[in-house]
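# Architecture at a glance
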Amino acid sequence: MEDLTTFLSKSLIGWLVIQVCLTLVFLWYLRSYKQPLLSDEQLPKTAVILCLRGADPYLPNCVRFLLKQNYPHYDLKLIIDSPEDPAFKIVKEAITEIGATNFQISTLRTVRHNCSLKCSSLVQAVSDLDNSYQVVALVDADTIVHPNWLRELVSPLTDDKVGLTTGNRWYVPTGKYWGSLVRYAGNVSTVVQMFLFQVPWGGSLAIKKELLNQTELLEKWGEAFGDDMLIHKIIKKHGLGIKFVPSLLMVNREESDLTYLFTSLKRLILCSRLYHPNWLALVSDAVSSILFPTVTIILALGFLLATEWNGSVSLFKSYSIYTIGLLLLMLVMELGVQEVIRSQGQVTPQVSLTTIIKMLIAIPLTQWVYGLAMLSSLWMSTVTWRGLTYKVQGPWNIHLVEYHPYQWLDQPIDGKLSL
C-alpha cells in the first residue's frame with residue numbers, strides 16, 4: 001500500500017508539472033503571436049456560414065456583429081432549420097435593425113438522415129456558393145465576434161502552407177450555475193489541448209474554398225455527426241497546416257446547469273472518440289487528470305477511516321498541492337486570456353475572492369463530472385441534440401431517427417442557458 005501511495009503522490013505532482021509546462025507554452029504563444037493583417041485590396045471575397053436551429057441566448061448580438069465586420073467583400077449566409085424556427089424572427093429583426101444588405105437567408109431544403117442536421121446545413125451552404133468566393137468561414141450562434149474578427153481569421157490564409165485558421169471559445173467563471181463553473185474549468189484544459197493537437201473549432205474557422213473542392217470534406221460532412229474535428233485529418237492529408245489565431249479566443253457568457261452540461265459533455269466526448277486526431281492521447285490525459293486525483297482522495301479518506309495517519313496525510317498533502325496548483329494555473333490562464341478579450345473591446349469579468357473559492361471547489365467537481373461523462377459516453381449509441389435523436393453506430397454510420405422543426409416551446413425558461 002505504501003508503494004501505491006508513493007506512486008499516486010508522484011503521479012499527481014508530475015502531471016501538475018507537465019500541465020504547467022504546456023500551459024506556459026500556450027501563454028507564450030498568446031503573447032508572442034504576430035500576424036500582419038491584410039489590406040482591403042489583398043483580402044479575398046469570403047462567405048461566412050452560420051447554421052441555426054433554435055434561438056441561442058445571444059443570437060441577436062451574434063448576427064449584428066457578423067454584419068459589421070471591418071472587411072471589404074464578404075457575405076453572411078444563414079441556413080435556418082425551418083421557417084417556423086424561433087431563430088428566423090430574431091435574425092430578420094436584427095438584420096432590419098442595422099439595415100445590412102450583405103446577407104442571404106435560406107432554410108434547410110434537404111434533411112439528410114445519415115448525418116447531423118448541422119452537417120446537412122453546411123453541405124447545402126457550401127454547395128450553393130459560386131466561384132467568386134475564395135474563402136469559407138464557419139461561425140456558431142454562441143460566438144460574439146469583434147469588428148476585426150474576419151480580417152484576423154482570413155489573413156493567415158495567404159500563407160500557402162496554411163489551409164485552415166481557427167480560434168476557440170472562452171467561458172467566463174462568474175456564472176450563477178455550478179454547471180457554468182464546471183464547464184469553465186474543463187474548458188481551460190480543453191483550449192490548451194486543442195492548441196497542441198491543432199484541432200479546429202467550428203465556432204471560428206476559415207478554410208480556403210479550393211480545398212473544399214479538392215478534398216472529400218463535403219462528402220465526409222454528408223455522413224458525419226460532428227463537423228469540425230474531422231477536418232484535421234483532411235487538412236494534414238494534403239500537407240497543409242492549421243493556424244490557431246490567439247485574437248480569436250471568443251468570450252462566451254452563456255450559462256449551463258449541471259444536467260445540460262452532462263448531456264453536452266457526453267456528446268462532445270463521443271465526437272472526440274469518433275473524429276479526434278489523437279483520441280488515445282485524450283484518454284491518457286483523462287486518466288492523469290481524472291482517475292489519479294479521484295483515486296488519491298478516495299484512498300486518503302480510506303486511510304483516515306482506518307486511522308492510517310501517515311498514508312492519509314501524505315495523500316491529502318499531494319492532492320492539496322495538485323488542486324491548488326490547478327487553481328493557480330486557471331488564474332494565470334484567466335489573466336492571459338483577459339488581455340485578449342480586452343483587446344477585442346469587450347469587458348472582462350472581475351474574478352472576486354468568492355469566485356476563486358468556487359473555482360477551487362469546482363476543480364474536483366469537474367474531475368468527477370467529466371469522468372462520469374467519459375464513462376457514460378463509451379457505450380453511447382443514441383444522442384439527443386437540440387431536440388433531435390440520432391443513432392450513432394460509427395463515425396460514418398449516423399442515423400437521424402425522426403426530424404421535426406424546432407419550436408418556441410423547446411427554448412429553455414432561462415434565456416441565458418445554452419441550447
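This is a predicted model, so every value here is computed, not measured.

Another point: the sheet that holds strand S8 (residues 382-385). Within a sheet, each strand pairs with its neighbour through backbone hydrogen bonds, oriented either parallel or antiparallel. Taken in spatial order, the three strands make up an open sheet running S8-S9-S10, and their pairing is antiparallel. Single-partner strands in this sheet number two, and they are S8 and strand S10 (397-400). Each neighbouring strand pair of the sheet contributes to a mean axis angle of 25 degrees, computed without reference to strand direction.

So, about the side chain of Arg183. Examined against the element boundaries, Arg183 turns out to sit in helix H6 (residues 178-197). One buried charged side chain, Arg183, makes no salt bridge at all; its nearest oppositely charged neighbour is Glu254, positioned 5.0 Å away. Those residues in contact with Arg183 that sit more than four places away from it in its chain are Tyr171, Glu254, Glu255, Ser256, Tyr260, Leu261, Tyr370 and Ser418.

Notably, Gln198 is not glycine yet its phi reads approximately 55 degrees, a positive angle. Of note, Gln198 is situated in the loop between H6 and strand S6 (204-208). Looking at Gln198, the relative accessible area reads 28%, which means it is partly exposed. The phi angle at Arg386 is positive, at roughly 50 degrees, despite the residue not being glycine. By the secondary structure assignment, Arg386 is in the loop between S8 and strand S9 (388-394).

The next point concerns the packing of aromatic side chains. A complete count under the given rule lists 12 aromatic pairs for this structure. With 5.4 Å between their ring centres and 55 degrees between their planes, Tyr275 and Trp396 make a pair best called tilted. In this pair, Tyr275 sits in helix H10 (residues 258-275) while Trp396 sits in the loop between S9 and S10, placing the two residues 121 residues apart along the sequence. Judged by its relative accessible area of 4%, Tyr275 is buried. Taken together, the aromatic side chains of Phe26, Tyr29, Tyr33, Phe195 and Phe244 make up a single cluster linked through ring pairs. One residue, Lys45, lies across the ring of Tyr133, its end atom 4.5 Å from the ring centre. Above the face of the Trp396 ring, Lys220 is positioned so that its terminal group lies 4.3 Å from the ring centre.

Here we take up the state of the cysteines. With the rule as written, the count across this model stands at zero disulfides. Of all cysteine sulfurs in the structure, the one in Cys119 sits closest to Cys51, which takes part in no disulfide; the separation is 8.9 Å. Look at Cys51 and you get buried, because its relative accessible area is 16%. Left unpaired, Cys271 is separated from the closest cysteine sulfur, that of Cys119, by 8.8 Å. Using a relative accessible area of 12% as the deciding quantity, one classes Cys271 as buried.

At their nearest, the axes of helix H1 (residues 2-32) and helix H12 (residues 309-343) sit 10 Å apart, and the two run at 5 degrees to each other. By the criterion of interaxial angle, the relationship of H1 to H12 is roughly parallel. For the contact of H1 with H12, the residue count by class is 19 nonpolar, nine polar and two charged.

The subject of this paragraph is helix H11 (residues 279-305). Taking 1.5 Å as the rise per residue, H11 with 27 residues should run 39 Å; its terminal C-alpha atoms sit 38 Å apart, in good agreement. Of all the bends in H11, the greatest, near 30 degrees, is centred on Val287. Directly after H11, the chain includes Thr307, whose backbone phi takes a positive value near 55 degrees.

Analysis parameters
- Residues numbered from 1 in each chain as written.
- Predicted model: local features only at pLDDT ≥ 70, side-chain atom pairs only at ≥ 80, totals over all residues.
- Heavy atoms only, no water.
- Pairing = 2+ DSSP bridges.
- Helix = DSSP H or I, 4+ residues; strand = E, 2+ residues; numbered from the N terminus.
- Axes fitted to C-alpha atoms, helices over the stretch in contact; angles between N-to-C directions.
- Buried < 20%, exposed > 50% of the residue type's maximum accessible area, 1.4 Å probe, protein only.
- Lys, Arg positive; Asp, Glu negative; His and termini not counted.
- Salt bridge = Lys/Arg side-chain N within 4 Å of Asp/Glu carboxyl O.
- Contact = heavy atoms within 4.5 Å.
- Phe/Tyr/Trp six-rings, centres within 6.5 Å; stacked < 30°, edge-to-face > 60°.
- Lys NZ or Arg CZ within 6 Å of the ring centre and 35° of its normal.
- Disulfide = S-S within 2.5 Å.
- Parallel < 35°, antiparallel > 145°, perpendicular 65-115°, else oblique.
- Nonpolar A, V, L, I, M, F, W, Y, C, P; charged D, E, K, R; others polar.
- Expected span 1.5 Å × (residues − 1).
- Bend = angle between axes of the 7 residues up to and from the residue.

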